[in-house]
Each structure stands twice: as structure tokens, then as C-alpha cells.
Amino acid sequence: MSTPEQPPGAVSESATERTLPNTTPQATTSPRAFGAGRSLRPGKKVLPEHGRGHNRSLVLQTLFHRGPLSRADLSRETGLTRVTISDLVAELISDGFVIEQGLREGSRPGKPAILLDIDRAAHRIVGIDLSGPTAFLGAVLTLDGEIVARHEVPRPGGGEAAATAVIELARHLIADSFAPVLGVGVGTPGIVDDRGVVLSAPNLGWTAFDLESRLRTALELPVLVANDANAAALAEYTFGGAEDDMMLIKVGAGVGSGLLTGGQPTRGSRFAAGEIGHVTIGTDGGPRCACGKVGCLEAWLSVPALEARLAEATTDTDRDGILRDAGERLGIAVAPIVGALDLSEIVLSGPPELIDGPLLQQTADTLRARTLAEFHDGVRVRMTQHGQDIVLRGAAVMVLSGQLGVS
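Definitions and cut-offs
Residues numbered from 1 in each chain as written. Predicted model: local features only at pLDDT ≥ 70, side-chain atom pairs only at ≥ 80, totals over all residues. Heavy atoms only, no water. Axes fitted to C-alpha atoms, helices over the stretch in contact; angles between N-to-C directions. Helix = DSSP H or I, 4+ residues; strand = E, 2+ residues; numbered from the N terminus. Parallel < 35°, antiparallel > 145°, perpendicular 65-115°, else oblique. Left-handed = near helix turned anticlockwise from the far one by under 90°. Contact = heavy atoms within 4.5 Å. Buried < 20%, exposed > 50% of the residue type's maximum accessible area, 1.4 Å probe, protein only. Nonpolar A, V, L, I, M, F, W, Y, C, P; charged D, E, K, R; others polar. Core = buried A, V, L, I, M, F, W, Y, C linked by side-chain atoms within 4.5 Å. Expected span 1.5 Å × (residues − 1). 1 Å grid on protein atoms, 1.4 Å probe; cavity = no way out; pocket = protein on both sides within 12 Å on 5 of 7 lines; lining within 4 Å. Points joined across faces, edges and corners; volume = space filled by probe spheres on them. Polar contact = N/O pair within 3.5 Å; in protein donor to acceptor, adjacent residues only side chain to side chain. Pairing = 2+ DSSP bridges.

Q: Sorry, what's going on with the packing of helix α9 (residues 316-341) against helix α11 (residues 358-369) here?
A: Between α9 and α11, whose axes approach to 7 Å, the crossing angle comes to 40°. Taken together, the axis directions place α9 and α11 in an arrangement best described as oblique. Note on packing geometry: the crossing formed by α9 with α11 is right-handed. Judged by residue contacts, Asp320, Leu323, Arg324, Ala326, Gly327, Glu328, Leu330, Gly331, Ile332, Val334, Ala335 and Val338 of α9 engage Pro358, Leu359, Gln362, Thr363, Thr366 and Leu367 from α11.

Q: Sorry if this is basic, but what is going on with unusual backbone geometry here?
A: Both trends apply: most residues other than glycine have a negative phi, and most peptide bonds are in trans. A cis amide bond, omega 0°, links Gly67 with the succeeding residue Pro68. Tracing the sequence through the fold places Pro68 in the loop between α1 (51-66) and β1 (69-70). Although it is not a glycine, Phe178 adopts a positive phi angle of roughly 55°. Residue position: Phe178 is located in the loop between α4 (160-175) and β7 (181-188). The class of Phe178 is exposed, set by a relative accessible area of 76%. The phi torsion at Glu220 lies on the positive side, around 55°, for a residue other than glycine. As for its position among the elements, Glu220 is in the loop between α5 (211-219) and β11 (223-227).

Q: When you look at the packing of α1 against helix α2 (residues 71-78) in this model, what are you seeing that I'm missing?
A: In helix packing, the relevant descriptors are the interaxial angle and the interaxial distance, both defined with respect to the helix axes. Following both chains from N to C, one finds α1 and α2 inclined at 110°, their axes separated by 10 Å at the closest point. The angle between α1 and α2 places the two elements in the roughly perpendicular class. Within the contact between the two elements, α1 uses Leu58, Val59, Thr62, Leu63 and Arg66 and α2 uses Leu74, Glu77 and Thr78. Its residues assigned to classes, the contact of α1 with α2 shows four nonpolar, two polar and two charged.

Q: Help me out: how do you make sense of the nonpolar core in this one?
A: Buried together is how nonpolar side chains tend to be arranged in soluble globular proteins. Formed by 33 residues in total, the largest nonpolar core has its most connected members in Ile249, Leu301 and Ile346. At nine residues, α9 tops the list of elements feeding residues into this core. If we skip the residues at most four places from it in the chain, Leu301 touches Val251, Val255, Leu306, Ala326, Leu330 and Leu359. The next biggest cluster of nonpolar side chains, apart from the first, holds 29 residues, and it includes Ala163, Val198, Ala201 and Val223.

Q: Looking at this structure, I do not really get helix α13 (residues 390-404). What am I missing?
A: For an α-helix, the turn length of 3.6 residues means that residues three or four places apart are oriented alike. Counted at 1.5 Å a residue, the expected span for α13 with its 15 residues is 21 Å, and the 21 Å between its end C-alpha atoms agrees. When you tally the buried positions in α13, you get 15 out of 15 residues, the bulk of the element. Remark: Gly405 follows α13 within two positions and exhibits a positive phi of approximately 75°.

Q: Looking at this model, I keep getting lost on the layout of surface pockets. Mind explaining?
A: Gaps between atoms show up when a probe of the same size as a water molecule is rolled over them. As a volume, the largest pocket reaches approximately 1300 Å³. Contributing to the lining of the largest pocket are 48 residues, with Ser131, Lys250, Gly252, Ala253 and Gly254 lying nearest its centre. Counting only elements with at least two residues in the lining of the largest pocket, the list comes to β5 (135-141), β6 (147-154), β9 (198-201), α6 (228-239), β12 (246-251), β13 (255-261), α8 (303-310) and α13. Of the residues contributing to the lining of the largest pocket, the split by class is 19 nonpolar, 20 polar and nine charged.

Q: Looking at this structure, I do not really get the side chain of Thr366. What am I missing?
A: Residue position: Thr366 is located in helix α11. Every residue in contact with Thr366, bar those within four places of it in the chain, is listed here: Glu328, Gly331 and Ile332.

Q: Looking at this structure, I do not really get the side chain of Ser257. What am I missing?
A: By the element assignment, Ser257 lies in strand β13. A relative accessible area of 2% means that Ser257 is categorised as buried. Of the polar contacts made by the side chain of Ser257, one reaches the backbone oxygen of Gly274; its length is 2.8 Å. Other than its neighbours up to four places away in sequence, Ser257 contacts Ala229, Asn230, Met247, Leu248, Ile249, Ala273, Gly274 and Ile276.

Q: Got a minute to help me understand the environment of Glu236 in this structure?
A: For Glu236, the position within the fold is in helix α6. By relative accessible area, which is 1% here, Glu236 ends up buried. The spacing of Glu236 and Met246 is ten residues in sequence and 9.5 Å in space, taken between C-alpha atoms. In this view, Glu236 contacts Gly241, Ala242, Met246, Leu248, Val347, Arg382, Thr384, His386 and Ile390; residues no more than four positions away in its chain are not counted.

Q: How should the sheet that holds β1 be read in this particular structure?
A: As a general point, the strands of a sheet are linked pairwise by backbone hydrogen bonds and lie either parallel or antiparallel. Strand order across the open sheet formed by three strands is β1-β3-β2, with antiparallel pairing between neighbours. Edge positions in the sheet fall to β1 and β2 (98-103), since each of these pairs with one other strand and no more. Sheet topology note: the β1/strand β3 (residues 114-118) ladder contains two bridges and is antiparallel. Bridged to Ser70 within β3 is Leu115.

This is the structure we're talking about:
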């Protein structure tokens, strides 16, 4: 039970032994960024044996979003006692994750408080995006998700050649980090299980391929691998101010989506939640999809499909009609999902010259026409502001959450 001074997010220090999950980067561990039943942001009680690690994450999470703060501020924000805060802060300073920033300026009576913050320059994160049609993208990021270095390699053939290219790209990025690397996050097309095994990624030639273990062994760093659209949803949640119940739809060479419900990623029983690209839309036929079916959403909405149809347009009216038709198909696909999950917003990621405009507006109009107005007229449909970097930033969130409990 929590003491009376503690909110649900804190766990009493006396409820557990003074043991701490190791959050220093280790080659032998790979904590999951979003394990089953684990919310992204600490906010509820946990089992007593996990209490100290939970409280440690709670302090880091608070500083990440609210810092700089004093020890007294942290005690008020988290509900933890000042003794517990002092103990945790000393530990986090010793581990190199928190720094003292000097005295707070102001006219408060008494001794000025010392401000604390996460040491945002002490570590780097390596993010890798394998979803591009022609290249694998990589970046070195700060703990705040700012990109400080970029590299890319041409997309090779599938199978072993693709795995070798990812390893070499990661090594290049690690060499350019110029600070200890907290971990490596990878967003990849395909269906990825909760251990970082790529169950199916036809475009990369991977089936039941343990990419996470392969990279962890080669790099000797913590590695986390997830579907690219799921990674993008994490970026929107942490750095884009997305709601707790949202869907991010990523439009590129294919179409996929990531889902958050109650602030927790949704993966599904077979890790395929969000795989909407091969849902057939309507009963009026349509273009043949690469999967062999007719009228899949991907065949209407993917970038290659849109560009091919737009190349045949002779007027602006024709162009707008093509984009609105694609938007209507997307709205038809999304409406039952919004109705079933009561989502707050839909975020689109893709080339803005294709997505932001008639397509987005028609998606919103169709969604509202096909859901219960009393409850769903307020659902936001908007573009992400992260552009092509969204998967890279999502990969960084995976590492932050997996290594520090911060998102």
C-alpha cells in the first residue's frame, strides 16, 4: 500500500529491498521498450519487488518533462519522501544520468534550492530507420530527440546483405556519437514480435529473423527493434504531444499504422496490430495490390500508387480528385477503428505534398460521416511535424523507455 503522502505513481521505499535494475548500457540485457501491460509513462503501483526501479524511472520521467527541479520539487511532484528522493538523486548523479545545475534564482526566503535535471548531453542514442524505399537511414540523437549526426547507406538486397548493412550503419553512427551510447533503436518494416524478432518482412527478405539479437551481439550494446509505424507512434507520443488514444498512419512504399490506447502501445495477439495496408476498401474493385488482392488500401494510398495515378492527371481538378478518392478510402478504413477504440486523434505521416491537403481533408470528412457524431466529431486528423525523421525519433524513444523508463 502507498503511504498517505504518495500518489498512485510512487511506490514506498520501505516496500522493497534496496535493489536496482541495472540501467547502465549492457551487452547482455535488452529491456523491452513496451512490454505487455507496461504503460509508457509510470503512473500506477507496481509489485513491491519492482518498487525501487519504478521510483527511479518516476524521478527521471519527471525531470525529463518538467526539469529543472529541486529535490523538494521532485518530492512534491512524485509524492516520494524527501529522504527517498535524496537517495535516488544521489544514485542517479553517480550513474551519470542526473546533474546539479546550480542554485535557483529568485526571492524565496531561506537557502536557495539546487536545481537538478537529466544530463541530456552525457549520453547519445543511435536510431535507425529501415523503411525507406532506396536507403537505410540512421542518426545520432540526444536524449531530447535532437539529431546531431546523420548517415545513410543504399538499401541492399534482402537477407544477409540487409543485416550486414544495418550493422555497418550502426557502427558508423556509434563512432560518430562522441559520448556513451545509451542504446540502439531500430524501426523496420514488417511484423516484429516482443523480442525483436522480425517475423515477416518480405521486402527485406527476412522471415523469423532475430535482428535484435544479431545486432546486440555485433554491437555489444542494448538494442531494441520494433515495427517502423509503431516506432513512429512513440515519437509522436513523446515528442509530438499526441493523445493517449491515437493512431499514427505511415504512408510510404506501403501503408502501416501504430496504435496507442490508454497511453500503451497495442501490438495484438500476433504482433500485427496496425497492419491496415492489406485491408480491402469498398466493393467496387480497384487496383491490384502487390499481395495479389484487388482494392487493398495500400494499392490506393501508397506513395508509388498515388504518384502513378497523379502522373496521368492533366488538370488540378483531376489531381485533387485522385487525392480525395485516396483520402476517402483511408477514412473508410479508419472509421471502424475509431469507433471500436474511441480514439482521440489520427496522425498522418508521409510526403506532405501528397498527404497534407485534399487527401487529409477528405479523410477527416469521411471519418466524421461514418462515425457517431455525438462522440467522434472531435477526433483530430492532422499531419505529424516530424517529417522523415519520425521513425528515427521513435527509435530513440524505444531506447529511452527501455533503458531509463522515460517516454
